[in-house]
Amino acid sequence: MRLVTILSCLAAFMLPTLQGLAAEGELDPLRANAPLLEEREPEPLYGVEDRSLRPVREYPMQPPTIPHRIDNYQVDLNANRCMACHARTRVGETQAIMVSVTHYMDREGNFLGDLSPRRYFCTQCHVPQTDAPSRVGNTFVDMSDLIRGSRQRSE
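I will try to describe carefully the structure that is included in this document. (Residues numbered from 1 in each chain as written. Predicted model: local features only at pLDDT ≥ 70, side-chain atom pairs only at ≥ 80, totals over all residues. Heavy atoms only, no water.)

## Thoughts on the overall build of the protein chain
This is how the line gets drawn: The numbering of helices and of strands both runs from the N terminus, where a helix is a DSSP run of H or I of at least 4 residues and a strand a run of E of at least 2. Relative accessibility thresholds used throughout: buried, under 20% of the residue-type maximum; exposed, over 50%; partly exposed, between the two (1.4 Å probe, protein chains only). Contacts between residues were defined by any pair of non-hydrogen atoms, one from each residue, lying within 4.5 Å.
Each helix and strand in the protein chain was counted, giving four helices and two strands. A burial count over the protein chain gives 15% of its 155 residues as buried. Across the protein chain, every contact between residues at least 6 apart in sequence was considered, and the portion connecting residues at least 24 apart equals 36%.

## Some thoughts on unusual backbone geometry
Phi is positive for Asn72, which is not a glycine, with a value near 65°. With a relative accessible area of 82%, Asn72 lands in the exposed category. Even without a glycine there, the phi angle at Gln95 is positive, about 65°. Looking at where Gln95 falls in the secondary structure, it is placed in the loop between helix H3 (91-94) and helix H4 (143-154).

## Topic: the packing of aromatic side chains
Stated precisely, the cut-off is as follows: The rule is short: rings of Phe, Tyr and Trp, with Trp giving its six-membered ring, pair when the centres are within 6.5 Å, and they are stacked under 30 degrees, edge-to-face over 60, tilted in between. The criterion for a charge sitting over a ring is simple: Lys NZ or Arg CZ within 6 Å of the ring centre, and within 35 degrees of the ring normal.
Under the defined criterion, the tally for this structure stands at one aromatic pair. Ring geometry for Tyr120 versus Phe121: centroids 5.0 Å apart, planes at 85°, classification edge-to-face. For Tyr120, a relative accessible area of 18% translates into the label buried. Overall, Phe121 belongs to the partly exposed group, its relative accessible area being 29%. Note that Arg81 overlies the ring of Tyr73, its terminal NZ or CZ placed 4.8 Å from the centroid.

## Notes on the environment of Leu115
As for its position among the elements, Leu115 is in the loop between H3 and H4. Sequence separation between Leu115 and Tyr104 is 11 residues, and the spatial gap between their C-alpha atoms is 4.7 Å. Contact partners of Leu115, with chain neighbours within four places excluded, come to Asn80, Met83, Val99, His103, Tyr104 and Tyr120.

## Examining a nonpolar patch on the surface
Heads up, the rule is: Patches draw on residues past 30% relative accessible area with no salt bridge. Two like charges within 9 Å are joined, as are two nonpolar side chains (Val, Leu, Ile, Met, Phe, Trp, Tyr) within 5 Å. Methods summary: accessible areas were calculated by the Shrake-Rupley approach with a probe of 1.4 Å, and residue burial reflects only the protein chains presented. Here, a salt bridge means any Lys or Arg side-chain nitrogen found within 4 Å of an Asp or Glu carboxyl oxygen.
Where nonpolar side chains cluster on the molecular surface, the patch consists of Met98, Val101 and Phe111 and spans about 290 Å² of accessible area. Checked against the element boundaries, Phe111 lands in the loop between H3 and H4. Residue class for Phe111 comes out exposed when judged on its relative accessible area of 59%.

Below, the structure is given as structure tokens:
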């Protein structure tokens, strides 16, 4: 009963503050500067890369991209859906690429019997690639192009 009273008081105190945040005409930068009180048209669904050949990595140690959809894949403390195909014991059956041995190492370089906890959440590093248009400019230059360019300038 005491908790209900406290929550009721908090709600009564916070409601005017929360209503003031969504002022008429105020823009939300996280929704492409759409007005806060306006329903937006959802973004289109883009196709995910589906390559039969492995893409070239742009720099050493770049995590590979995920070449398939991962919608509704459960990766949390209870399960890791990625490992149903990419675990060492499953690649013979699934023909998926096994996760790197670095995913079985702790911080000191010792090998573990199972995935390292710091490498368990795959989408921290690996992402699916889509054909969505780029929202920001990109001036990335591949390392080999930089080396080639510096050699040409020195000649």
